[in-house]
Structure formats: structure tokens, C-alpha cells
Amino acid sequence: KKGQLYYDMSIFGSENQRYPRELPDMLRPKPGGLRPEQLLVYEAFQRIPRQPQPTQSSSESQSGQSTGDASNNSSGQLNMNAISAIALKLDKTVETLLNTAGPRAQEISLAMIPPEHEIKQLIAAIPRVVASVGDPSSLSSSDTDSILSFSQGILKRIYEVDLSQRLRLEALIALLEMLNKICPQLGRNIGTWTKYAPTKTDAERKLHRAVLLLLVRSDLIQIGDLDAHLAKSADEGRDQVWLEFLILFVRAATLENIVPPAKMPNMINIVQLIAEDRAPTSQQINPAFRKAAARLLEELRNSISSGGDARGRQASPVRARPSYEESSSMSPTSVKQLTDASLVIAKSSLSLASNDPPNAKQNVTDILVNWLRVQNEAAGNDKILAQFLQLLQQKFGVGSSDDETERFLRLTTEVVVESCVKSADATKGLRYDAIDGYSKLLSYLVIHMNGGGTSEQVTQQRLGMLNKVLGCITRSLVTSHEKAQQTNAPWDQRPWFRLLLDLVCELNTPNQLLDSMKSSIVNVFGSAFHVIQPLVVPGFAFAWLELISHRMLLSNLLLAKDQKGWGVMHQLLIDLFLFMEPHLRKLELTDALKKYYDGTLRVILMLVHDFPTFLAAYHLSFCNVIPENCVQLRNIILSATPKGVPFHDPINRNFKIDQLPEISQSPLILSNVVGPLMSFKNELDNYLRGQQSPDFLNILLSQLRKEDNSKELDAPKVNSVVLYVGMQGLARLQNDQISSNLSRTPEMELFQKLMELDDRGRYIILNAFANQLRYPSSHTHYFSCVMLFLFNESKDEGVKEQITRVLLERLITQRPHPWGLLITFIELIKNTKYQFWNHSFTRCATEIEKVFENVARSCMLPGAVAATGGGD
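Once a new chain begins, its residue numbering starts again from 1 and follows that chain's sequence as written. This being a predicted model, a pLDDT of at least 70 is required before a residue's local features are given, and a value of 80 or more before pairs of side-chain atoms are given or counted; all residues contribute to the totals for chains, interfaces and linings. Hydrogens and water are ignored here; the side-chain numbers use all heavy atoms of the structure.

Participant: Can you help me understand the side chain of Arg 410 in this one?
Facilitator: Secondary structure follows DSSP: runs of H or I at least 4 residues long count as helices, runs of E at least 2 residues long count as strands, and numbering of each begins at the N terminus. Note that Arg 410 resides in helix α20 (residues 402-422). Contacts: residue pairs with any heavy atoms within 4.5 Å of one another. Other than its neighbours up to four places away in sequence, Arg 410 contacts Leu 352, Ala 353, Asp 356, Cys 472 and Ser 476.

Take a look at the structure:
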């Protein structure tokens with residue numbers, strides 16, 4: 001029509017034309033004319049030299065191809081054509097990856113892309129393209145204008161991207177970040193351009209907030225300028241749309257460790273005015289914003305008191321790193337006793353060695369040489385070997401005199417280890433001939449020990465000899481390690497490992513003389529390994545882990561009749577966790593510790609697969625010594641389901657936990673539940689029976705704190721109180737009455753009182769609840785109802801958010817996830833009674849919102865998330 005722009009729409013509908021249908025989206029024409037980034041293509045054509053290029057030799061041609069045409073700009077001018085080509089290729093590559101990912105595309109971020117991927121390679125190519133420009137100050141005005149025009153088109157493209165395509169957003173921001181290094185003026189202009197971004201709808205503001213956070217994180221926007229702009233836009237709360245935007249921005253920026261609060265003084269000031277009801281327009285402000293502002297201030301104060309975020313700490317005074325003792329759940333005195341044990345043992349061994357005759361070491365060396373010769377010549381001839389042992393007993397007192405036996409074992413151990421260390425060869429390693437022969441001698445000493453008497457007395461004699469053998473070896477090991485520590489000399493754990501492993505294998509193979517005492521033998525080995533635990537001999541840690549997880553020891557301990565070996569294996573795992581705990585809590589893992597942690601995970605996974613009943617029975621004591629940040633390790637232990645307990649799919653639509661027969665059965669608990677409660681157990685029992693004053697609850701809070709006069713709760717005490725009180729509550733209620741009568745019990749009154757603690761204390765309490773959400777049992781059902789009841793009945797939004805946090809942080813890790821954890825979270829988000837998706841904390845930041853929706857999708861059937869109100 002006359003006076004209107006004409007568009008030839010036929011080109012868009014023709015199936016016979018390849019173009020523009022197959023052009024990338026950035027080049028594809030659309031109604032409304034060419035966009036700025038499309039016009040750049042034509043501008044690039046003007047800069048292409050038209051003169052013929054000189055011919056190259058084949059070698060020069062190959063060299064040119066290897067570096068890429070885009071980076072060969074010998075003119076010293078900026079090659080915008082190459083930059084445009086990279087941007088187009090980047091967009092197409094991202095599109096391909098997102099299409100390939102399908103429904104999981106929104107989970108992909110740039111940080112997940114490996115360095116060798118084409119997307120990272122394209123972004124890294126930008127500096128090579130502009131390498132010929134040299135100093136950015138040498139850019140001509142036309143080059144600067146070209147970069148600014150191109151970047152403005154990129155920014156416009158960013159605001160056209162769907163918020164669910166995080167990878168595309170981050171890739172385009174990374175492109176701008178590279179261009180900003182070439183043209184510093186770009187950073188100053190981006191702040192101005194973003195002020196004109198579309199923000200009319202809620203979706204546009206949500207995208208704008210996400211873009212601003214990414215730009216700030218990439219240092220493309222000055223946070224001071226943005227702070228002033230957003231504070232001005234909020235107008236002290238008069239503009240409530242921008243007030244909500246400001247609160248959500250500050251919370252996301254601090255929550256994601258992008259900006260410390262100190263760098264946003266204007267916005268923080270407005271938040272304080274709103275929270276404290278001091279704003280000029282306080283009467284007009286929505287009460288929901290006042291609550292949100294107060295909650296944000298509380299979070300910021302807690303963050304500062306606990307050390308703040310990563311960037312905030314840089315501006316604050318440097319805090320001393322916690323020591324190993326401070327990071328351990330044990331008291332500093334207990335840690336010091338263990339770490340000093342090696343010195344005590346070494347002094348004791350040196351004291352014994354001072355009484356040795358002058359030629360004692362040479363004598364035992366001669367005995368060893370003779371033994372190795374006899375063993376080689378009479379291999380398999382038990383009669384001759386027994387005669388040699390009889391000679392040792394009669395001539396040297398081995399087995400008959402305690403002092404002579406101790407001296408012989410100590411000196412022979414030192415001789416064979418020194419011989420093995422000296423045999424070290426750069427190509428073949430250590431030679432273990434002497435150690436293997438010596439281990440045979442020791443095993444024969446144990447097997448053929450017979451001082452007469454009944455069979456029980458002979459068994460005790462053999463166990464006594466084994467105790468002496470292992471006692472001498474462990475004392476010699478600790479002494480050797482302590483000497484090396486004091487002189488800063490290298491110490492090799494391999495000979496000691498070989499010696500102990502040989503003994504484990506020799507004395508646990510089927511033998512009619514030892515079969516009746518098999519469980520006692522592995523218990524003696526377990527006790528010996530407890531003495532040389534990694535806290536005592538850290539240099540032996542890797543060998544120790546290999547020994548306690550060896551099939552000849554671990555399986556024999558856990559398969560012993562009447563669970564006689566369970567206590568020993570439990571103690572060894574506690575030793576393992578106590579050694580790892582301080583390192584894991586401080587998140588300071590060297591490469592060696594990372595390997596050690598991997599080995600620990602493998603051992604626990606093996607136990608989950610082969611001996612789940614053992615892990616499940618001791619879950620309480622294991623959780624006491626696992627740091628709260630080791631979510632996956634704790635999940636693995638809590639996922640252990642005793643054999644014979646059926647699996648019920650919690651995602652099934654018809655799933656009803658109340659109808660499961662297993663919820664009437666109590667789980668096996670072998671951990672010491674009441675041990676940490678002994679100082680106040682009588683008062684606690686009286687309160688649960690209604691015979692104690694209500695003031696006891698206030699006294700209980702002080703009893704749960706650590707004994708070093710700190711305000712920190714003692715997690716083992718909390719775990720025991722929660723489980724003990726829950727067990728009493730179960731005894732009071734029938735399973736079919738739990739959900740209906742939960743509120744009218746002293747147990748729930750106690751749990752609700754614990755919710756009045758500060759955020760840190762409440763977090764420890766809620767983790768104690770979550771530790772009981774395991775396999776189908778009465779405990780899992782009870783504590784699931786407790787957490788859902790607290791979520792529903794609490795008037796404090798912070799309590800609801802922390803309950804969600806505790807559940808969610810255990811679900812976002814890799815599998816396995818405890819069954820009870822899954823059914824609790826699914827019930828929380830699926831049951832409209834809890835109105836989960838209506839709470840503001842589920843929408844506080846884009847990343848958090850995506851996490852909620854992704855976890856919901858993985859936990860529920862397709863389509864169920866939208867039905868419950870999750871997702872957009």
C-alpha cells in the first residue's frame with residue numbers, strides 16, 4: 001500500500017530456495033529490515049582488499065592454514081570480518097549443542113564446556129584475531145566505532161535470548177569480555193546501553209537481572225555505577241517494581257559470590273531503610289518487600305559473621321586459617337594425644353633398645369640368613385621348618401621368654417626393613433625377598449605355637465604370640481616414622497606395608513590349626529591397625545587404607561559370626577574419617593589427599609554394595625565424623641539399604657508411604673546413641689514423660705553447645721538428641737497416627753523449640769533430621785513427617801527456606817540419594833498443602849530457580865512439575 005514499507009514475503013515461504021532458509025539466525029533476513037549486526041557483513045566487504053594476493057609456496061600455504069586465515073592480518077588494522085565470522089560460528093555451534101542436549105539444554109553452562117570444545121576455542125580465537133593491532137590505544141577511530149557498533153548488536157542479541165539458554169548468554173558475554181580487552185571504551189558504554197534494556201514485563205526484568213549479574217561478574221559493568229543507577233531507580237521504595245528488582249539483585253549478587261555487600265552501599269542503604277521501616281514512603285511499601293528486605297539483611301549479617309563470601313573476604317581483615325585441631329570434631333586435647341602418640345611409642349622403643357647386648361643385631365641377622373636359606377632349600381617341608389622354630393625357642397628363648405621374644409622380633413623387623421630399603425633400584429624398585437621370607441617365619445611362629453594344655457589354652461597362646469608379633473612391628477614402624485620426621489629424612493612405607501600384608505594373607509588363608517580362631521585373628525589385626533591409624537602415622541596413610549580394605553581382612557571382619565568383627569571395622573572407619581575430616585572441612589586438598597579421598601569413596605561404595613547392613617547400623621556415628629560439606633559421602637552412607645528390604649519407587653504416582661509394611665519396622669542401630677547424652681539424659685527423659693519443668697527446653701539448648709564455651713552446637717550431641725527423642729516419639733505413637741497426632745507430643749514441642757535457634761544452629765538440627773531419612777523404616781517415616789510438619793506449621797520463612805536447603809543440597813549431588821530424602825522432597829513439592837512454589841525463596845535468583853525445577857523434574861514423573869506449579 002502507498003506510504004508503507006514493502007516486504008517480499010515470498011522468499012520466506014518458498015520450499016525450493018535454499019536461502020535464506022538455511023542461513024544462520026544472525027544473517028537470516030526478517031521483516032523490518034537489516035539489523036546492525038547484519039549490516040556489519042556489508043561493511044566488512046568494503047574492507048576486504050581487492051588487489052590480487054601474492055602466490056605462496058606450498059610450505060607457506062600450509063603454515064598459513066595452520067594459524068588460520070582469521071588471524072593473518074598483516075595490515076595492522078582490525079579485521080572485523082574475521083570477528084563477525086567467529087561470532088556467527090559461535091552462535092551456530094551453541095545452537096547445535098543446545099539442540100543436541102534436548103531437555104537438558106538449560107542445565108548447560110559455559111563452565112561445563114571443556115577447553116578443547118569448539119565453543120571455548122572460538123572464544124579464545126578473538127585475541128589471536130586482534131593480535132596484529134598491538135596496543136589497544138593504537139586503535140583507529142573507525143576500528144573503535146566498528147567494535148562498539150558490533151558489540152551493541154551483540155548486547156541487543158543477548159536481550160533476545162531466552163533465559164533458559166544460559167550457555168548462549170554466557171558465550172555472548174564472554175565474546176564481549178574479549179572485545180573489551182581490545183577496546184576499553186566498550187566497558188564504559190555497556191553500562192549506558194543496559195539502562196535502555198527492555199524491562200516492562202516481569203520476564204524482561206528477570207532476564208535483565210540475569211544479564212546484569214553476568215556483566216558484573218565479567219567486569220563489563222562498574223558495580224559503583226550500577227549501584228547508583230539501581231538505587232536511583234528504586235527511589236527509596238517509591239518505585240516498588242524497581243525496589244523488588246533491587247532486593248532480588250542484591251540477594252543474587254551476594255548469594256552467588258559475585259559482589260560483596262560493601263561495594264553496593266546505596267542499594268544496601270535502601271534495603272536497610274525498608275527493613276527498618278525508615279523509608280519516607282514506608283506506609284506505601286508492600287509488607288512482603290519489608291519482610292524480604294529484613295530477611296536479606298539477616299542473611300548478609302550471618303554471611304559476614306561466618307567469614308562472608310569469597311570476594312568480600314578480600315576487603316576485610318585477613319582471618320587466620322583454622323588449625324588442624326580446630327577443624328576436627330574431636331577436642332584439641334584428643335587430637336594432640338593421638339598426634340603425640342608416635343613420639344611416646346618411639347621413646348618407649350628406644351628405651352628397650354638401650355638394653356640390647358652389643359652383638360644382638362648381628363646375631364639376629366645370622367638367624368635370618370639361616371632361615372632364608374633353610375626356607376629356600378626345604379620349601380614345603382614342614383618338619384624341617386618346625387625343627388628350626390624349635391631351635392629358636394630353645395637357643396634364643398623366642399616364644400618362651402617375653403623379653404627375648406620382644407628383642408628378637410624388634411631387631412629382625414628392623415633388619416629386614418633396612419635390607420629392603422637398601423635394595424631399592426631405579427628400574428626394578430624394591431626387593432621383597434627378605435620381607436616375604438621373614439613373614440613366613442612369623443606366621444610359622446604363630447601357627448606352631450604350642451606350650452601345652454587344652455585347645456582353648458593353645459588358642460590363647462597363639463593369639464598371644466600374634467599380639468607380640470604385631471605389637472613389635474607396629475612399635476618399630478612408629479619409631480622408624482618418628483625418626484624420619486625429626487630428621488626430615490624420607491620415609492618409605494612400602495616395606496612395612498608388604499610385611500603386614502604378607503601376615504594378613506598368611507594367617508587368614510584356610511588352615512585347620514587356625515580355623516577355630518579365625519574371627520579372633522582378624523580382630524587382633526584390626527586392633528593393631530587402630531594403633532597405627534593415619535592420625536598417629538600419617539606417612540603410612542595410603543598403605544593403611546589398603547590394609548583395612550583388603551579382602552582378607554575386611555570381609556573376614558564383617559562376615560564373622562554374630563557380628564563379632566563389626567565393632568573393630570567400625571572403629572577403623574572412624575579412624576579413617578577422623579583423619580580426613582579436618583582436611584575436608586577446610587576444603588584444602590592436595591593432590592595426594594584427593595587421591596586418598598577417592599580411595600575412601602571406593603571403600604564406602606564397596607561396603608554399600610556388599611555389606612549395606614553394617615553401614616546402615618552405624619550410620620549415626622559415621623555422620624558424626626563426616627563434615628557437613630561432604631554431602632555426597634554422607635549420601636552414600638545413608639543410602640545403604642540392608643539386604644532383604646525391598647525397594648519402592650518413590651516416583652510412582654500411586655506411591656503411599658503410609659501403606660508400606662516396612663514403616664512399622666525399626667531399623668538396626670548399633671551406634672552409641674545415649675553416650676553423648678549422659679550428662680542430661682535423666683532430665684530429658686523426665687521432660688518427655690511430662691515430669692520436668694518446661695524451662696528444661698532452655699537448659700537443653702545450653703547443654704547442646706560445645707564444651708569449649710563457644711556458641712557453636714556440638715553436632716554429635718545434636719544427632720544423638722534428635723534420634724533419641726525421635727525413638728521415644730515413635731514409642732508413643734502408632735505409625736498410622738504419626739501424621740495426625742504429631743503436634744500434640746512433647747517430642748514435637750522440643751523440635752519446635754530447636755527451630756528458635758539462629759540460622760547456624762537450626763542448620764545443624766535440620767541436618768540431624770535429614771540424617772534419619774534413609775531406607776523404608778519407622779524412623780524414616782517419622783522424621784519425614786517431622787520435617788514436613790515443621791515446614792507447614794512454621795511462621796518463619798527462614799525455617800521453611802532452611803528445610804528446603806537441607807533437602808536440596810543433598811539432592812543436587814550425584815547419585816545415590818537416600819530413599820527417605822526423595823520421598824520427603826517429592827511430597828513437599830507435590831502436595832498443594834505446602835504451597836511450595838509460592839514461596840519467594842524458590843525464585844530468589846535465576847540459578848536457584850533452575851536448580852529447583854531441574855531437581856523437581858528428576859524426582860517426579862514428566863508433566864508433574866507443571867501440575868504442581870513449578871516451572872514457567
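Participant: Would you mind going over the nonpolar core with me for this structure?
Facilitator: The nonpolar side chains of a soluble globular protein tend to be buried, and buried together. Counting residues in hydrophobic clusters, the biggest one holds 105 residues, and the most contacted among them are Phe 525, Phe 529, Phe 540, Leu 607 and Phe 614. Broken down by element, the residue count for this core peaks at 12 residues, all from helix α27 (residues 566-586). Apart from residues lying up to four places away in sequence, Leu 607 is in contact with Leu 554, Leu 558, Leu 573, Pro 612, Phe 614 and Leu 615. The term nonpolar core refers to a set of buried residues drawn from Ala, Val, Leu, Ile, Met, Phe, Trp, Tyr and Cys, joined through side-chain atoms within 4.5 Å. Classification of residues uses two cut-offs on accessible area relative to the type maximum, computed with a 1.4 Å probe and protein chains only: under 20% is buried, over 50% is exposed, and between them is partly exposed. Residues Ile 154, Leu 212, Ile 247 and Phe 249 belong to the second largest nonpolar core, which totals 82 residues.

Participant: Looking at this structure, I do not really get helix α34 (residues 715-732). What am I missing?
Facilitator: For the α-helix, the turn length of 3.6 residues means that residues three or four positions removed from each other point alike. Spanning 18 residues, α34 covers 26 Å between terminal C-alpha atoms, matching the ideal 26 Å at 1.5 Å per step. All of the buried residues in α34 are Lys 717, Val 718, Asn 719, Ser 720, Val 721, Val 722, Leu 723, Tyr 724, Val 725, Gly 726, Gly 729 and Leu 730. A helix is expected to span 1.5 Å for every residue after the first.

Participant: I keep staring at the confidence of the model for the protein chain and nothing clicks. Help me out?
Facilitator: In regions of low pLDDT, the predicted coordinates are not meant to be interpreted in detail. What pLDDT reports is the predictor's confidence in each residue, on a scale of 0 through 100. Taken over all residues, the pLDDT of the protein chain has a mean of 78, while the share at 70 or more is 78%. Low pLDDT, under 50, characterises residues 48-75; the stretch is placed with 14 contacts to residues that sit more than four places away or in other chains.

Participant: Just checking my understanding: could you explain helix α24 (residues 518-531) for this structure?
Facilitator: Taking 1.5 Å of rise per residue, the 14 residues of α24 would be expected to cover 20 Å, and the 21 Å separating its terminal C-alpha atoms lies within 8% of that figure. For α24, the set of buried residues is Ile 521, Val 522, Asn 523, Val 524, Phe 525, Gly 526, Ala 528 and Phe 529. For α24, the secondary structure elements touched by its buried residues are α22 (455-487), α23 (494-508), α25 (541-548), α26 (551-558) and α27.

Participant: Just to check I follow, could you spell out the pattern of salt bridges for this structure?
Facilitator: When the charged atoms of two side chains lie near each other, side chains of opposite charge can form a pair. Counted as salt bridges are all cases of a side-chain nitrogen of Lys or Arg within 4 Å of a carboxyl oxygen of Asp or Glu. One pass over the full model with this rule turns up 23 salt bridges. Here Glu 418 and Lys 361 are joined by a salt bridge, their closest N and O atoms 3.3 Å apart. In this pair, Glu 418 sits in helix α20 while Lys 361 sits in helix α18 (residues 360-377), placing the two residues 57 residues apart along the sequence. On the accessibility criterion, Glu 418 (35% relative accessible area) is partly exposed. A salt bridge links Asp 502 to Arg 498; its shortest N-O distance comes to 3.8 Å. Of this pair, Asp 502 and Arg 498 both sit in helix α23, four residues apart, which is roughly one turn of the helix. For Asp 502, a relative accessible area of 15% gives the class buried.

Participant: Explanation requested: the packing of α23 against α26 in the structure shown.
Facilitator: For any two helices packed against each other, one specifies the inter-axial angle together with the distance between the axes. Taken N-terminus to C-terminus, the directions of α23 and α26 make an angle of 50°; their axes are 9 Å apart at the nearest point. Comparing their axes, α26 and α23 come out oblique. On the side of α23, the interface is formed by Val 504, Cys 505 and Asn 508, while α26 contributes Met 552, Leu 553 and Asn 556. Taken together, the residues that form the contact of α23 with α26 break down as four nonpolar, two polar and no charged. Working convention: axes come from line fits to C-alpha atoms, limited for helices to the stretch in contact. Angles between N-to-C directions cover 0 to 180 degrees. Oblique is the label for any angle not covered by the other classes, which are roughly parallel (under 35 degrees), roughly antiparallel (over 145) and roughly perpendicular (65 to 115). Asp, Glu, Lys and Arg are counted as charged, while Ala, Val, Leu, Ile, Met, Phe, Trp, Tyr, Cys and Pro are counted as nonpolar; the rest, among them Gly, fall into the polar class.

Participant: For this particular structure, what's the right way to read the environment of Met 267?
Facilitator: Structurally, the position occupied by Met 267 is in helix α12 (residues 265-275). A relative accessible area of 0% places Met 267 in the buried class. On a C-alpha basis, the gap between Met 267 and Asp 227 in space is 6.1 Å, while along the polypeptide they are 40 residues apart. With near-sequence residues (within four places) excluded, Met 267 lies in contact with Asp 227, Leu 230, Ala 231, Leu 246, Phe 249 and Val 250.

Participant: What am I meant to see in the packing of α24 against α26 here?
Facilitator: For the pair α24 and α26, the least separation of the axes is 9 Å and the interaxial angle reads 115°. With respect to the hand of their crossing, α24 and α26 are arranged in left-handed fashion. Mapping the contact onto sequence places Lys 518, Val 522, Asn 523, Phe 525 and Phe 529 in α24 and Met 552, Leu 553, Asn 556 and Leu 557 in α26. Left-handed is the label given to a crossing in which the near helix is rotated counterclockwise from the far helix by less than a right angle, and right-handed is the label when the rotation is clockwise.

Participant: Even after reading the chapter, I still don't get the packing of aromatic side chains, so can you show me in this structure?
Facilitator: Aromatic ring pairs are described here by two measures, namely the spacing of the ring centres and the angle between the planes. When the centres of two rings from Phe, Tyr and Trp lie within 6.5 Å, Trp using its six-membered ring, the rings pair. Their planes under 30 degrees apart give stacked, over 60 give edge-to-face, and anything left gives tilted. Per the stated rule, a full pass over the model turns up 16 aromatic pairs. Ring geometry for Phe 577 and Phe 622: centres 5.8 Å apart, planes at 75°, overall edge-to-face. Taken together, the residues span a long stretch of sequence, with Phe 577 in helix α27 and Phe 622 in helix α30 (residues 619-624) at a distance of 45 residues. Residue Phe 622 is classed as buried on the basis of its relative accessible area, which comes to 0%. Aromatic side chains Phe 751 and Phe 783 sit 6.4 Å apart centroid to centroid with 45° between the ring planes, which places their arrangement in the tilted category. Taken as a pair, Phe 751 in helix α36 (residues 746-754) and Phe 783 in helix α38 (residues 778-793) lie far apart in primary sequence, 32 residues in all. Just as Phe 751 is buried, Phe 783 falls in that class too. Chaining the aromatic ring pairs together yields one cluster made of Trp 566, Phe 577, Phe 614, Tyr 618 and Phe 622.

Participant: I would appreciate a short explanation of the environment of Lys 232 in the present structure.
Facilitator: Among the structural elements, Lys 232 can be located in helix α10 (residues 223-234). Taking the C-alpha atoms as reference points, Lys 232 and Trp 242, separated by 10 residues in sequence, lie 9.3 Å from one another.

Participant: Can you walk me through unusual backbone geometry in this structure?
Facilitator: Excluding glycine, a negative phi dihedral is what most residues carry, and trans is how most peptide bonds are arranged. Residue Pro 816 is reached from Arg 815 by a cis peptide bond, and omega for that bond is 10°. Following the sequence through the fold, Pro 816 ends up in the loop between α39 (797-811) and α40 (819-830). The backbone of Asp 219 shows a phi angle near 60°, a positive value even though the residue is not glycine. Inspection of the secondary structure assignment puts Asp 219 in the loop between α9 (202-217) and α10. Its identity as a non-glycine residue notwithstanding, Asn 488 has a phi of 55°, on the positive side. Position of Asn 488 relative to the elements: it lies in the loop between α22 and α23. Classification of Asn 488 by relative accessible area gives exposed; the value is 71%.

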